[in-house]
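# Coordinates in review
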Amino acid sequence: SSSPSSSSSSSSAPSSSSEENVSLWKAPLDFKFIRDSVDQVKANCKNRNAAADPQLVAELYESYLEKKQALAEVQQDRNANAKKLKKKMEKEERDALINDGKKYKEQIAVLEQALEEVEVDLQREGQKIPNMTHPDVPIGGEECSNTLETVGKQQDFGFKVKDHLKLGETLDLLDFEAAANVTGSKFYYLRNEAALLELALVNYSMSKAVSKGFTPMITPDLVRTEVLEKCGFQPRAENTQNYSVANSDLCLTGTAEIPLGGSVMNSLLDESSLPIKMAGYGRCFRTEAGAAGQASKGLYRVHQFSKVEMFVVCTPEQSEELLQELIEIETDMFKELGLHFKVMDMASHDLGAPAYRKFDVEAWMPGMERYGEISSASNCTDYQARRLNIRYRPESKQGEKKKPKNVFVHTLNATACAVPRMIVAILENFQQEDGSILIPEVLQPYMHGRKVIGPPSQGGT
């Protein structure tokens with residue numbers, strides 16, 4: 001299920017149903033690991049329902065190494081031949097060497113072409129392989145996910161609860177009709193207190209992230225197709241979640257995770273600078289291909305929304321601990337807001353290609369009579385880092401003569417606030433019998449002191 005969160009709507013990298021669908025970039029993927037652990041990688045792909053062929057990747061890698069070796073041998077012969085030509089010799093001998101040189105040149109061209117072709121296939125197939133999976137992740141569909149924590153309980157309202165659509169209409173907060181005329185379905189206008197509520201939620205969650213040491217950032221909402229792919233999304237797939245801009249190499253981003261990850265692309269960082277913590281505010285655009293039905297009505301599933309996203313770049317040793325830190329920041333906010341929610345360790349079928357492990361937070365939405373996902377936190381280990389080419393220099397340990405090799409970083413992402421779903425949760429959970437809505441205490445300072453959203457005739461107080 002596509003979500004307001006980060007990687008849950010990502011899928012493995014570019015598909016190749018046509019020539020146009022082949023990505024042009026090359027990533028330093030760990031092909032040696034795939035070849036040496038092919039059964040383990042196969043089992044992982046099966047557990048994650050991934051359409052990838054690790055056996056084919058292993059074979060292509062072997063073929064790539066053979067061709068590379070053959071090319072290196074002919075290049076060596078050509079160099080030895082060129083060296084001989086520098087010496088004094090008879091014309092006959094020189095002509096023979098020149099002739100050999102031409103043959104080597106032709107052979108090299110053929111071998112380079114063959115190497116390039118196998119490398120394109122290797123990259124295309126290799127990029128389809130998802131990340132490995134944390135050993136504690138439950139195997140199976142979403143229903144197999146484990147509940148790690150439950151906070152609060154479903155309250156008894158003592159009156160017939162309304163859903164956010166009904167509340168939004170009565171209180172003049174939401175206008176889907178005007179948006180449908182102006183743009184299309186699944187677009188909306190937030191009006192009056194709902195507009196202020198969006199700004200309050202963004203400011204509140206950004207302040208929280210900054211207080212935890214995150215650098216506040218406002219990101220571009222358009223990104224190059226390549227950056228989207230390197231983060232593990234599929235802009236070229238038939239049922240893509242991404243909007244592409246015609247006659248350009250740009251896509252509208254589905255999450256600030258992409259421009260945040262892109263901001264450190266092609267970097268060699270010092271170990272002392274890690275972890276890097278960023279909190280990005282951006283607009284998110286999603287086609288929501290394949291999403292329909294009651295579960296996605298109203299603000300729950302929309303084509304455009306605002307989100308504050310946390311993104312972390314760290315060493316491999318830090319990433320598991322940082323995933324816990326991210327989920328704690330999220331749950332602290334939802335506790336402060338007074339929501340009833342569950343923290344889930346998501347099952348293998350629900351992991352996007354980059355995620356090694358993913359925790360979702362599902363809040364009770366009484367008007368919709370179900371739990372709905374409001375946020376997510378993922379550890380992507382080095383999946384995105386290899387594609388985005390983000391490494392760090394490990395600090396030399398005492399007594400070590402050799403400088404340690406550069407290492408790929410780990411990346412993590414987590415939703416601080418996906419605005420529309422938070423508005424759904426607030427409207428539905430804080431509705432009163434008289435039709436008004438109480439504004440959670442922590443948001444009141446960001447709402448110009450308003451404490452209640454009252455019916456339009458009464459006005460808020």
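Residues numbered from 1 in each chain as written. Predicted model: local features only at pLDDT ≥ 70, side-chain atom pairs only at ≥ 80, totals over all residues. Heavy atoms only, no water.

Looking at where Asp-53 falls in the secondary structure, it is placed in the loop between α2 (38-47) and α3 (54-85). By relative accessible area, Asp-53 is classed as partly exposed at 35%. For Asp-53 and Ile-129, which are 76 residues apart along the polypeptide, the C-alpha to C-alpha distance reads 7.5 Å. (Helix = DSSP H or I, 4+ residues; strand = E, 2+ residues; numbered from the N terminus. Buried < 20%, exposed > 50% of the residue type's maximum accessible area, 1.4 Å probe, protein only.)

Time to look at the packing of aromatic side chains. Taken as a whole and assessed by the stated rule, the structure comprises six aromatic pairs. Plain terms: the ring middles of Phe-176 and Tyr-188 are 6.2 Å apart, the flat faces sit at 50° to each other, and that makes the pair tilted. Of this pair, Phe-176 sits in helix α6 (residues 176-182) while Tyr-188 sits in the loop between α6 and β3 (189-190), and the two are 12 residues apart along the sequence. A relative accessible area of 16% places Tyr-188 in the buried class. Looking at Lys-342, its charged tip hangs above the ring of Tyr-371, at a distance of 4.2 Å from the centre. If you follow Arg-370 out to its NZ or CZ, it ends over the ring of Tyr-300, 4.4 Å from the centre. (Phe/Tyr/Trp six-rings, centres within 6.5 Å; stacked < 30°, edge-to-face > 60°. Lys NZ or Arg CZ within 6 Å of the ring centre and 35° of its normal.)

With that settled, consider the environment of Glu-309. Note on placement: Glu-309 falls in strand β9 (residues 304-314). Considering only alpha carbons, one finds Glu-309 and Ala-414, 105 residues apart in sequence, at a separation of 5.9 Å. A distance of 3.5 Å separates the side chain of Glu-309 from the backbone nitrogen of Ala-414, its partner in a polar contact. (Polar contact = N/O pair within 3.5 Å; in protein donor to acceptor, adjacent residues only side chain to side chain.)

As a further point, take the pattern of salt bridges. One pass over the structure, following the stated rule, counts 24 salt bridges. The salt bridge involving Arg-191 is made with Asp-172; its shortest N-O contact spans 2.9 Å. One end of the pair, Arg-191, is in the loop between β3 and α7 (192-211); the other, Asp-172, is in the loop between α5 (164-170) and β2 (174-175), and 19 residues separate them in sequence. What makes Asp-172 partly exposed here is its relative accessible area of 28%. Salt bridges sharing partners connect three or more residues here, namely Lys-32, Arg-35, Asp-36 and Glu-62. (Salt bridge = Lys/Arg side-chain N within 4 Å of Asp/Glu carboxyl O.)

A few words on the sheet that holds strand β4 (residues 215-218). One open sheet accounts for eight strands, arranged β1-β10-β11-β12-β15-β9-β8-β4; its pairing is mixed. The sheet terminates laterally at β1 (146-151) and β4, the two strands that pair on one side only. On average, each strand axis in the sheet is tilted by 25° relative to the strand beside it, whichever way the strands run. Note: strand β10 (residues 341-345) against strand β11 (residues 357-365), five bridges, orientation antiparallel. (Pairing = 2+ DSSP bridges. Axes fitted to C-alpha atoms, helices over the stretch in contact; angles between N-to-C directions.)

Structural measurements only, silent on function.
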